[in-house]
Amino acid sequence: MVDFSYTVWILLIPLIMFVVVGLFGNRFKPLVSGIAGTAGLFVMWILSLITAYKYFFVLEKAADGSFQKLLAFNMRWLNLTDTLHIDMGVLLDPISIMMLIVITTVSFMVHVYSIGYMDGEKGFMRFFATLSLFSFSMLGLVVATNLFQMYIFWELVGVSSYLLIGFYYTRDSAVAASKKAFIVTRFADLGFLIGILMLSFSTGTFDFLTLTGANSPAFSSGTGILFLGLSTMTWSMIFIFMGGAGKSAMFPLHIWLPDAMEGPTPVSALIHAATMVVAGVYLVARLFPIYIFAAPVALDVVMYVGAFSSIFAAIIACTQFDIKRVLAYSTMSQIGMMMFALGVSGYGGHEGLGYMASMFHLFTHAFFKSLLFLGAGAIIHAVHTNVMNEMGGLRKYLPITHATFLIACLAIAGIPPLSGFFSKDEILAAGHDKSMLLYIVESIVSGLTAFYMFRLYFSIFWGKETHYHHTPHEASKTMTIPLMLLAVGALLAGLIPFSMFVSSDRMPFHSHIEMGIAIPAVLVGLIGIFTAMLFYRKETSLPDKIYNALGGFSKAAFHKFYIDEVYLFITKKIIFNYISRPIAWFDRHIVDGAMNGIAYVTNETSEGIKRFQSGQLQHYALVFVSGVILFTLLFTYLLTN
Amino acid sequence: MLTVILILLPLAISLILLTIREERVIRQFALAGSLAVFGVAVAAFIQYKTCSHCNLLFTADWLSTLGVSLKFGMDGISLLMVMLTTFLVPVIILSSFNHSYSRPSAFYSLIFLMEMALIGVFTSFDGLIFYIFWELALIPAWFICAVWGGKDRIRITFKFFIYTFVGSLFMLVALIYLYFLTPLPHSFDFQWLYAATLTPVEQTWIFAAFFLAFAIKIPVFPLHTWQPDTYTTAPGTGSMLLAGIMLKMGIYGMIRWMIPVCHIAVKQYAPVAIILAITGIVYASVIAIRQNDMKRLVAYSSIAHVGLIAAGVFTLTLHSLEGAVIQMVSHGINIVGLFVVIDAIEKRTNTRNISDLGGIALKAPRLAIVFMIILLGSIALPLTNGFIGEFLLLLGLFEYSVVFAAIAGLTIIFSAVYMLWMYQRTMLGRTNAITEQISDLTRIEMAALIPVVIMIFWIGLFPGMFLDVTLPDVLQIIHFTK
């Protein structure tokens, strides 16, 4: 038996870092906290790699040839009753190990990058302390052994995200964005909590091993019809998915993600591209056996929400000018594809292709999307603007950023042999097996992805050269080295035979590229790239013409289909003005007034009857109560004798 | 014996304080005294733990012909409430050092009188003694608010007094009626009261009277209208005593005897009470969103939070009752922390209006961090103290009815909305003329707030320690309802 109990240190290191840097960081130079945080992450990264190696290559497989699920560490946190208890621990299985790799790798790169990027910022120490808190929460989430632990860390991730989005707390837009992110996800988390309560109430457990095991109580309980013809189990899984949709910015709970770009760019790369936003996908994958066997309707919901979000976001991404916002909508779109892949998946072997594809895409996406964000950070650092119209011709000034950004764009556009090609191909193949219509939708999304990414690429690095105040120059080594390393990941991550490691039933299987899917997908990608090149490589009036030709539609897309306005209308106008204000008035005048009225009537009556002229109700009340007590005592005394 | 010392020591301190003239000495003595009381409470806790739930009983005859005896003791629930009280009083006294009160000897003397009355309420095992302390607690609370309070204090404290007094009268009547239903020879001893045989109709009437008394104290919608005004106009110290400790008397009373004595009526009317409490949660939360005065906002948020506790109590499920007890402790700690922070801000800026403030974090980072931690506790972030209680209450409500749990669960969102809004508008953003020169927390304020922060994490990280103390007693209460 291979010992994995050390994995708990992967969690404890960032926690210790957080406490130590948070409490004592200001006694040292700011740089110390940055280096300490980075060193801690380096150790965690090595530990994760060792764990992955030991798990996949050293540890013997289960009797049926599948990868084991093992509890590397477990601790009873709270005994609620004899049967219901809450544990904290570390669960190792292929997807949690994959997440460990993704999180520690990207986080390590982001830490190194941030030492350069955040240099000289006020609050440098606070930044690294909060990043450690985030790493702790996120890792605690992925290794959770039970739903309750997952919920706890899920909320902690939300708070770290809140603190990091609002890092520039003197800027009103950042503060508003952080609050919005917290409240929207908290709204989703209420659904998550209700889902957890429903699920644990029908099954009597929070434990993942029991819930997703072969004889799960989830398969047999909660089958009664609850509401709208759907079973309790289905509703609970839909509610749980609501939590996932909130964190993963699925329509219609996506509104916080574009605003979250107010945070520092490394944060966007880590949290809002590679790790936290995929927590929802991870959640569905974690509970996948329940979805597929006990709540297929809920899985359909996942599929439709994923598919719709992916096309919705892709369309908006084509119309935005802020580079970080384009990337944010792109993230939403890609996560939609991952959700879609889970939604179309079956269970076991090739049936479970969608599951594998989703996890594969999560894995590759983490590399190229964090690379895109960090590249965007380097660009913003150099030209001091987020808006792509104010850029152009940067390829001469930022050669490394340019090269790595191009690699990431090709990867996300699905051009072979870059990583995105492989994972996206599997998603389309899985979609093709399930529904022709949705397959076409996802193919369009792929084309749009290639288009908007290269629109970005050409506008920034080609096109007309803007007059810059200072000549832009390449960032320092601490920023470019992570870019180059991530670019290696974006190039090669797709070559990993992913299905040999991660699959719906943890049984390795061979998946191969189907030419019938791959060729059209690549063609669509090339069309997207070619169109973007036509439009944006040299300045033409073509994009404006098309934009105008589409009229209302393109205007609506530019305004993000007015979803924010709808929310604003509901929250500000309706709740604030038409509910909250009248209730406050009602409370002051009607409820309180009625109570005062009762007191007034009582007072008047008593004065009328008694002609008691002291005029002080309180005096009267005292007399009254003394009377009651005396009378009672006297009465009792007489009675007992 | 420790139980009696716990009651007599604050009384002694209270009397001694009246004889001291110099303000500095009064303060030092008050702080030392409150810490001594806390020390005794810790000793009682240790004794309770070592003698394996022996209840630390003390009995002495008094008016034995009437069946009234001086019977004091502590089970796990009492013990936690006493710990809360004695923990918070030093915090409250420390925070009061920010102000120079007129007639300080009377002021601090009243605080200890109130502490004595509260400990009396939580430790008496006799109905009439309970009632006497219950009423006694009102007097210092009323004086503190009426003498040292803010604008319009006479009218508002008068309302507060009448409200709670009317409730108490109903309780007294019910208590006396109940007394005559106890087995012969009649007694006010809790065990006897529990043993009273009541017809369903009698249960309903006694329930109604008790409910009114306790619901006003908590307060439960729609009997809450004294609360926001009183909290707002009371001096900081008064608000802390009222919100942190005194309202817990109501919930404590419900658990301690309303449920055991009239459990049939409790079960019968539980849906009504729960609906009222849940209405209060949503109603108060929605109003809290609109508030501009920080104290008022916290006052309404408190109605929402205790509404959840009250709703949970009426489900009579093990989880909810466990949650209610731990949430009483957490709510007390968090709301006192919030009031201390608000008091510190008001002291520096002379305003509590959210719209006048902003950017304080820039000038006073320690204040901002502490405020954030307390705020996270009160919006029930996991691993802070607010979480486990709220979760258990919702779990119990869920077992009772999914719909109730879903509506009550809205508090999770609402609390985040108004609390973060307040934080955003006061702490974040840019400074203005008012907050330009604001200074960070002083040593004394830190001394008051650090224990609060420690407790937020302690309860949050190790809730099991606190839940275990009360589990046998909560099971006992539930046993009565079977």
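Worth saying up front: this structure is predicted, and the values here are computed from it rather than measured.

Undergrad: Help me understand the overall build of chain B, please; the structure alone is not making it clear to me.
TA: When helices and strands are tallied, chain B shows 21 helices and two strands. Here chain B has a C-alpha radius of gyration of 21 Å; the compact-globule value for 482 residues is 23 Å, and the two agree. Projected onto its principal axes, the C-alpha positions of chain B cover 70 × 55 × 45 Å. Expressed as a percentage of the 482 residues in chain B, the buried residues total 70%. Contacts in chain B between residues far apart in sequence, at least 24 positions, make up 82% of those at least 6 positions apart. As displayed, chain B offers around 14,700 Å² of accessible surface, 68% of which is attributable to carbon and sulfur atoms.

Undergrad: How should I be thinking about the interface of chain B and chain A in this particular structure?
TA: Size of an interface: often given as the accessible area lost when the parts come together. With 65 residues of chain B in contact, the opposing surface of chain A contributes 58 residues. Summing both sides of the interface, chain B and chain A together bury roughly 5,800 Å²; the carbon and sulfur share of this comes to 78%. When the area that chain B buries against chain A is broken down by residue, the three leading residues are B:Arg290, B:Phe391 and B:Phe398, summing to 11%. At the junction of chain B and chain A, the tally comes to one salt bridge. Joining chain B to chain A, the criterion identifies seven residue pairs in polar contact (both at pLDDT 80 or more). For the side of chain B that touches chain A, the per-class residue count stands at 49 nonpolar, 10 polar and six charged.

Undergrad: I'm lost on the packing of helix H17 (residues 399-413) of chain A against helix H19 (residues 436-461) of chain A in this one. Help?
TA: Each pair of packed helices can be summarised by the angle the axes make with each other and by the distance between the axes. All names here are of chain A. Running from N to C, H17 and H19 cross one another at 165°; their axes reach a closest spacing of 9 Å. In terms of their interaxial angle, H17 and H19 are classed as roughly antiparallel. Considering how the two elements wind past one another, H17 and H19 form a crossing that is left-handed. Contacts from Thr 401, His 402, Phe 405, Leu 406, Cys 409, Leu 410, Ile 412 and Ala 413 of H17 reach H19 at Thr 449, Ala 450, Met 453, Phe 454, Leu 456, Tyr 457, Ile 460 and Phe 461. Among the residues forming the contact of H17 with H19, the class breakdown is 13 nonpolar, three polar and no charged.

Undergrad: Before we go on, may I ask you to explain the environment of A:Phe56 in this structure?
TA: Residue and element names in this part refer to chain A. Within the secondary structure layout, Phe 56 lies in helix H2 (residues 30-58). Phe 56 sits 445 residues away from Phe 501 along the chain, and the two C-alpha atoms are 7.3 Å apart. If near-sequence neighbours (up to four positions away) are discounted, Phe 56 is found in contact with Phe 67, Pro 94, Ile 97 and Phe 501.

Undergrad: Teacher, can you tell me more about unusual backbone geometry here?
TA: The general pattern is negative phi for most residues beyond glycine and trans for most peptide bonds. Here the residue pair A:Phe251 and A:Pro252 is connected by a cis peptide bond, since its omega of 0° sits within 30 degrees of zero. Positionally, A:Pro252 belongs in the loop between helix H9 (232-247) and helix H10 (256-259). Cis peptide bonds are those with omega within 30 degrees of zero, and the linkage from B:Ile218 to B:Pro219 qualifies with -15°. Tracing the sequence through the fold places B:Pro219 in the loop between helix H8 (200-217) and helix H9 (226-233). The phi dihedral of B:Leu316 is positive, around 55°, even though this residue is not glycine. Examined against the element boundaries, B:Leu316 turns out to sit in the loop between helix H13 (294-315) and helix H14 (318-349).

Undergrad: Explain the environment of A:Pro264 to me, please; I cannot follow it from the model alone.
TA: You can see A:Pro264 is positioned in the loop between H10 and helix H11 (265-274). Other than its neighbours up to four places away in sequence, A:Pro264 contacts A:Met118, A:Phe127, A:Leu164, A:Phe167, A:Tyr168 and A:Lys324.

Undergrad: Please explain the side chain of B:Thr315 as it appears in this structure.
TA: Residue and element names in this part refer to chain B. Looking at the secondary structure, you find Thr 315 in helix H13. The class of Thr 315 is buried, set by a relative accessible area of 7%. Reaching out from Thr 315, the side chain makes a polar contact with the side chain of Ser 320 at a distance of 3.2 Å. The residues touching Thr 315, leaving out its near neighbours within four places in the chain, are Ile 274, Ser 320, Gly 396, Leu 397 and Tyr 400.

Undergrad: Please clarify how the confidence of the model for chain A should be interpreted in this entry.
TA: Detailed reading of predicted coordinates is not advised where the pLDDT is low. Residues and elements named next belong to chain A. In the predicted model, chain A carries a mean pLDDT of 84, and the fraction of residues at 70 or more is 92%. Model confidence for chain A, summarised as mean pLDDT per element, is weakest for helix H25 (residues 617-640) at 54 and strongest for helix H12 (residues 279-286) at 93. Predicted confidence for residues 611-615 stays below pLDDT 50, and this span has five contacts to residues more than four positions away or in other chains.

Undergrad: Got a minute to help me understand the confidence of the model for chain B in this structure?
TA: Averaged over every residue, the pLDDT of chain B is 87; residues scoring 70 or more account for 100%. Of the two predicted TM-score estimates for the complex, the pTM is 0.88 and the ipTM is 0.87.

Calculation criteria
- Residues numbered from 1 in each chain as written.
- Chains lettered and ligands numbered in written order.
- Predicted model: local features only at pLDDT ≥ 70, side-chain atom pairs only at ≥ 80, totals over all residues.
- Heavy atoms only, no water.
- Helix = DSSP H or I, 4+ residues; strand = E, 2+ residues; numbered from the N terminus.
- Rg over C-alpha atoms; globule rule 2.2 N^0.38 Å.
- Buried < 20%, exposed > 50% of the residue type's maximum accessible area, 1.4 Å probe, protein only.
- Contact = heavy atoms within 4.5 Å.
- Areas by Shrake-Rupley, 256 points an atom, 1.4 Å probe, with all protein chains shown as cover.
- Buried area = accessible area lost by both parts, 1.4 Å probe.
- Salt bridge = Lys/Arg side-chain N within 4 Å of Asp/Glu carboxyl O.
- Polar contact = N/O pair within 3.5 Å; in protein donor to acceptor, adjacent residues only side chain to side chain.
- Nonpolar A, V, L, I, M, F, W, Y, C, P; charged D, E, K, R; others polar.
- Axes fitted to C-alpha atoms, helices over the stretch in contact; angles between N-to-C directions.
- Parallel < 35°, antiparallel > 145°, perpendicular 65-115°, else oblique.
- Left-handed = near helix turned anticlockwise from the far one by under 90°.
- pLDDT = per-residue confidence, 0-100.

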